[in-house]
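Now for the letters of each chain:
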Amino acid sequence: MPEGKLCNRTPVNTQEDLETLLADKGGKQYYAEMLELDVDKAKLATSLKNTCKSRIRTWLEICAHCGLCADSCFLYLCNNRDPKQVPAYKIQSTLGEIVKRNGDVDNEFMRHAMEVSWSQCTCCNRCGQYCPYGIDMGVMFSYTRGLLYSQGFVPWELKIGSGMHRVFKAQMNVTDEDWTETCEWMAEEAQDEWPGLEIPIDKENADVMYTVNAREPKHYPEDISEAAVLFHVAGENWTVPSSGWEQTSLSLFAGDWEACKMQVEHVYSAIERLNPKCAVGTECGHAHRATVIEGPYWAGRTDGLPPKPYLHYTEWLAQALRTGKIKIDPAKKIKQLVTLQDSCNYIRNYGLKEITREILSYIVEPGYFVEMSPNKEHNYCCGGGGGFNGVGMFRPQRNRALMVKRDQILATGAKLVIAPCHNCWDAIRDLEEEFKIGIKWSFLKPLIIHMMIVPEHLKPQEEEE
Amino acid sequence: MYALITGPLLWLTFAVFFGGLAWRVYTYIKGLDWKLDRVAYATQREAGIRGALRSIAAWIVPFGSQGWRVKPIFTILFFCFHIGLVVVPIFLAGHAVIFKMRFGIGWPTIPMALADALTIIMIGAGVGILIRRVALPEVRIVTSLYDYLLLVITVAPFVTGFMAVHQIGADYEFWLLAHVLTGEIMLLAVPFTKLFHVVGFFLSRGQLGMDYGIKRGGLKGSPMAW
């Protein structure tokens, strides 16, 4: 069978196709079809010719086979130091072979490459830091995912995920109407406690345009209301766009570069339409990666920068605390051992290591913050990055991958983990579920709301009766 | 025979060595693509160069990077190997003499005892690297015959040179010829094998440094702690 009905080389572009794919519970038929899916070798060779240039070819060729990358990889460490988990081996036996054979590979090879690309690498980029040549196998696996995606060899959930971006411009089929309704609902709910609070939609020339992760309107609307409360208390002149509010990109995990471009351009067009001074994104790692770090390149921006300064939530928050826009009640500072999860996407890959620690210096009583080891740009992936959290068929591998983070957290002795990243937050929640080590985990927003000083004039007036 | 391999063949070797490496540098840089690599090489040049230099510096200095610090034994083997490999051929008095005879150009040299010591250390480190390749499962799995061949090609001129200089074994002539030939083989192999890391290290290391210097934090004023 050249191509399946569900598993094929064509991206999902219509709501109907998306629903058909979703109806195939767990991707049963999808993966059955994948067993028969032919490799379009000519197309693969053409892709290599057009996109595999000197950087990646040199990386593949120059690798000295020294094995220094082994210990840098948390998946190698948590899989009993299985030599098959050595990053150099993983990439040489997948992308390396595809390049060597110029695309002349078969179905079985591609399915193996898919398994390696999505269950043996989270694209955390740590190996690149430990390779004398700076061979970044995370970058190469992301590239490999793109090749696999274009041939239809992609986990079911991620085919759906990138289809969501194509159809809804948001993951989890959240429409613009759902979004604006959620904002209105959240504003209304919060107004009892916060008189005057608003979630201004499509306000032009605001100081801040706020963007989110679609799962906030879908599953955690209180996150939006918390953001609104903090902007309100900080006296920020802010807005959300009615369209272009979704900052994440499951297409980045899927390797669907076309959808990545569509998605980020949609966000940038909101910036251009509303002309804010800057944009601020929620506490999410890959959303930041997709919109701020890689996004400018997908959108073809030669300076490599978004159209306006685009801050990660931690940057905005650090600034608000630094300048006193939000004040912390010293009596409410955290007085228990607490540790911090460094998200690969904006710590290793965007340098915000001191920003998150600055925030902690305002909210944690001195002596109670314990660093994980290693930390900052040397920290390990949470275990669920790069789409790993969301792929059902690789759940056992993902659960095993959580062990490194579990042990890092246990070594700190902390019972509270601050995780200002949706993916890390999920992974840490799952590791507690899986291993029951008795920890709590939190984003920054709810912690700050609990411990900030609310100015008198923002408090609800006592009703006189 | 001696006249041939130290005359035309030597010239050919140098031409291939330098020409090949120049070609490597040219094609690498030409193949960089800001959009595919997602690094704004041209428009953020200053941050890029700063990042590249930091990245190279961290790795060219022994224990200069976290990667070196967590692997002290390998780091020592690595630097012992490379220091001998680079310093001895370039600054050996015996080589400088030839240079002086042929071109009349003086060249700084190192004392013979130091050259001997560096050579022995270098060969010893080569043996250590070989043992490591066989002994460690995580290295063995990525090792192929090609890796052993390259190690032999690289170490051979040093072994033969040492034998010739110290006239170990009766046949000085043999060792000298073997030394010149193995040296030429090594130089010829450089542009065509992964030994091109003579320049490739700087290119690849520099590229990732630019990536971090431009896109991954450098522009945020938060340089990478390699």
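First, a word on scope: everything that follows refers to the structure included in this document. Remember, it's a predicted structure, so these values are computed and weren't measured experimentally. (Residues numbered from 1 in each chain as written. Chains lettered and ligands numbered in written order. Predicted model: local features only at pLDDT ≥ 70, side-chain atom pairs only at ≥ 80, totals over all residues. Heavy atoms only, no water.)

**Side note on the overall build of chain B**
The condition that has to hold: Think of it this way: any DSSP run of H or I at least four residues long counts as a helix, any run of E at least two long counts as a strand, and we number them from the N terminus. Classification of residues uses two cut-offs on accessible area relative to the type maximum, computed with a 1.4 Å probe and protein chains only: under 20% is buried, over 50% is exposed, and between them is partly exposed. Contacts: residue pairs with any heavy atoms within 4.5 Å of one another. The accessible surface values rely on the Shrake-Rupley method and a 1.4 Å probe; as for residues, cover is taken only from the protein chains in view. Here the positive residues are Lys and Arg and the negative ones are Asp and Glu; neither His nor the chain ends is included. Here the site of a charge means NZ on Lys, CZ on Arg, CG on Asp, or CD on Glu.
For chain B, the helix and strand inventory stands at 12 helices and zero strands. For chain B, the α and β elements follow one another from N to C terminus as α-α-α-α-α-α-α-α-α-α-α-α. Referenced to the eigenvectors of the C-alpha coordinate spread, the extents of chain B come out at roughly 65 × 40 × 35 Å. Classification of the 226 residues of chain B by burial places 46% in the buried group. In chain B, 66% of the contacts between residues at least 6 apart in sequence involve partners at least 24 apart. Of the roughly 11300 Å² of accessible surface on chain B, 77% is carried by carbon and sulfur atoms. Computed over 19 positive and 10 negative side-chain charges, the separation of the two mean positions in chain B equals 12 Å.

**Considering the overall build of chain A**
Definition in use: Put simply, the radius of gyration uses C-alpha atoms, and a globule should come to 2.2 Å times the residue count raised to 0.38.
A count of helical and extended segments in chain A gives 23 helices and seven strands. Against the compact-globule benchmark of 23 Å for 465 residues, chain A has a radius of gyration of 23 Å, which places it among compact chains. Overall, the C-alpha framework of chain A stretches about 80 × 50 × 40 Å when taken along its three principal axes. For chain A, the residues scored as buried account for 64% of the 465 residues in total. When contacts within chain A are restricted to residue pairs at least 6 apart in sequence, those whose partners lie at least 24 apart make up 81%. As displayed, chain A offers around 16700 Å² of accessible surface, 51% of which is attributable to carbon and sulfur atoms.

**Here we look at the packing of aromatic side chains**
So the rule is basically this: Aromatic contacts are taken between Phe, Tyr and Trp rings whose centres are within 6.5 Å, Trp giving its six-membered ring; a plane angle under 30 degrees counts as stacked, one over 60 as edge-to-face, and the others as tilted. Only lysine NZ and arginine CZ atoms are considered, and such an atom sits over a ring when it is within 6 Å of the ring centre and within 35 degrees of the ring normal.
Under the defined criterion, the tally for this structure stands at 28 aromatic pairs over all chains. Considering the side-chain rings of B:Phe17 and B:Phe18, the 4.9 Å spacing of their centres and the 80° angle between planes classify their relative orientation as edge-to-face. In this structure B:Phe17 comes out as buried when scored by relative accessible area, which is 12%. Pairwise contacts between aromatic rings join A:Tyr210, A:Phe231, A:Trp238, A:Tyr313 and A:Trp316 into one cluster. Sitting over the face of the ring of A:Phe435, A:Arg406 holds its NZ or CZ atom 4.5 Å from the ring centroid. Lying across the ring of B:Phe196, B:Arg24 places its NZ or CZ 3.8 Å from the centre.

**Things to note about the pattern of salt bridges**
What counts is decided by this rule: What counts as a salt bridge is simple: a side-chain nitrogen of Lys or Arg found within 4 Å of a carboxyl oxygen of Asp or Glu.
Under the defined criterion, the tally for this structure stands at 37 salt bridges over all chains. Here B:Lys71 and A:Asp71 are joined by a salt bridge, their closest N and O atoms 2.4 Å apart. Taken as a pair, B:Lys71 in the loop between α5 (66-69) and α6 (72-91) and A:Asp71 in the loop between α4 (54-62) and α5 (74-78) lie in two separate chains rather than in one. The class for A:Asp71 is partly exposed, based on a relative accessible area of 22%. For the salt bridge of A:Arg166 with A:Glu258, the shortest nitrogen-to-oxygen distance reads 2.9 Å. Of this pair, A:Arg166 sits in helix α10 (residues 156-168) while A:Glu258 sits in helix α15 (residues 257-274), and the two are 92 residues apart along the sequence. Via salt bridges that share partners, A:Arg215, A:Arg395, A:Arg398, A:Asp426, A:Arg429 and A:Asp430 belong to a single interconnected network.

**Notes on the interface of chain B and chain A**
Test applied: In short, buried area is how much 1.4 Å probe accessible area vanishes from two parts on joining, totalled over both.
Listed per partner, the contact involves 53 residues of chain B and 55 residues of chain A. Together chain B and chain A conceal approximately 4500 Å² of surface at their shared face, both sides included; 58% is due to carbon and sulfur atoms. Broken down residue by residue, the surface that chain B buries against chain A is led by B:Arg38, B:Arg216 and B:Lys220, which jointly contribute 14%. The tally of links between chain B and chain A comes to eight salt bridges. A salt bridge links B:Lys215 to A:Glu294; its shortest N-O distance comes to 2.6 Å.

**So, the state of the cysteines**
All names here are of chain A. Basically, it comes down to this: The rule for a disulfide is simple: a pair of cysteine sulfur atoms within 2.5 Å.
One pass over the structure, following the stated rule, counts zero disulfides over all chains. You can see Cys7 has no disulfide; the closest cysteine sulfur is in Cys260, sitting 19 Å from it. Free of any disulfide, Cys381 has its nearest cysteine sulfur in Cys382, 4.3 Å distant. Residue classification places Cys381 among the buried residues on the basis of a relative accessible area of 2%.

**Topic: the sheet that holds strand β3 (residues 278-281) of chain A**
Residue and element names in this part refer to chain A. How we decide: Strands were regarded as paired on the criterion that DSSP finds at least two bridges between them.
The strand order β2-β1-β3-β4 describes an open sheet built from four strands, whose pairing is parallel. What marks the edges here is a single partner per strand, and that holds for β2 (238-239) and β4 (310-311). Two elements, strand β1 (residues 208-211) and β3, share four bridges in a ladder whose sense is parallel. When the bridges of β3 are listed, Met209 appears paired with Ala279.

**Section: helix α3 (residues 41-51) of chain A**
Residue and element names in this part refer to chain A. So the rule is basically this: Directions are taken from the helix axis to each C-beta atom, and the arc is the one they span.
Regarding α3, the residues found buried are Leu44, Ala45, Ser47 and Leu48. An end-on view of α3 places all buried positions within 155° of arc, on one side of the element. Residues of α3 that are exposed and point over 90 degrees away from its buried face: Ala42 and Lys49.

**Observations concerning the pairing of β1(A)**
Residues and elements named next belong to chain A. The alternating pattern of β1 places Val208 and Tyr210 on one face and Met209 and Thr211 on the opposite face, and all of these are buried. Pairing analysis gives two bridges linking β1 to β2, with the strands arranged parallel. Bridge pairing in β2 places Val208 opposite Trp238.

**Focus: unusual backbone geometry**
Residue and element names in this part refer to chain A. Cis geometry is found at the peptide bond from Ser373 to Pro374, where omega equals -5°. Even without a glycine there, the phi angle at Lys169 is positive, about 55°. Residue position: Lys169 is located in the loop between α10 and α11 (176-191). Residue Lys169 is classed as partly exposed on the basis of its relative accessible area of 24%. In this structure, Asn205 takes a positive phi of about 55° despite not being glycine.

**Re the side chain of A:Asn345**
Residue and element names in this part refer to chain A. Stated formally: In protein, a polar contact requires one atom able to donate a hydrogen and another able to accept it; more generally it is a pair of N or O atoms within 3.5 Å, and residues adjacent in sequence count only if both atoms are side-chain atoms.
Residue position: Asn345 is located in helix α19 (residues 344-348). Polar contacts involving the side chain of Asn345 include one to the side chain of Arg289, which spans 2.8 Å. Contacts of Asn345, omitting those with residues within four sequence positions, involve Gly285, His286, Arg289, Ile293 and Tyr350.

**Some details on the packing of helix α2 (residues 8-31) of chain B against helix α11 (residues 172-192) of chain B**
Residues and elements named next belong to chain B. Here is the rule we go by: Angles here are taken between N-to-C directions and fall from 0 to 180 degrees, while the axes themselves are lines fitted to C-alpha atoms, restricted in helices to the stretch in contact. Put simply, angles under 35 degrees are roughly parallel, angles over 145 are roughly antiparallel, angles from 65 to 115 are roughly perpendicular, and the rest are oblique. Helix crossings are classified by the rotation of the near helix relative to the far one: an anticlockwise turn of less than a right angle makes the crossing left-handed, while a clockwise turn makes it right-handed.
α11 packs onto α2 with a crossing angle of 20° between their chain directions and a minimal axis gap of 8 Å. As judged from the angle between their axes, α2 and α11 are roughly parallel. Note on packing geometry: the crossing formed by α2 with α11 is left-handed. On α11, the residues touching Leu9, Leu10, Thr13, Phe14, Val16, Phe17, Gly20, Leu21 and Arg24 of α2 are Leu181, Glu184, Leu187, Leu188, Val190, Pro191 and Phe192.

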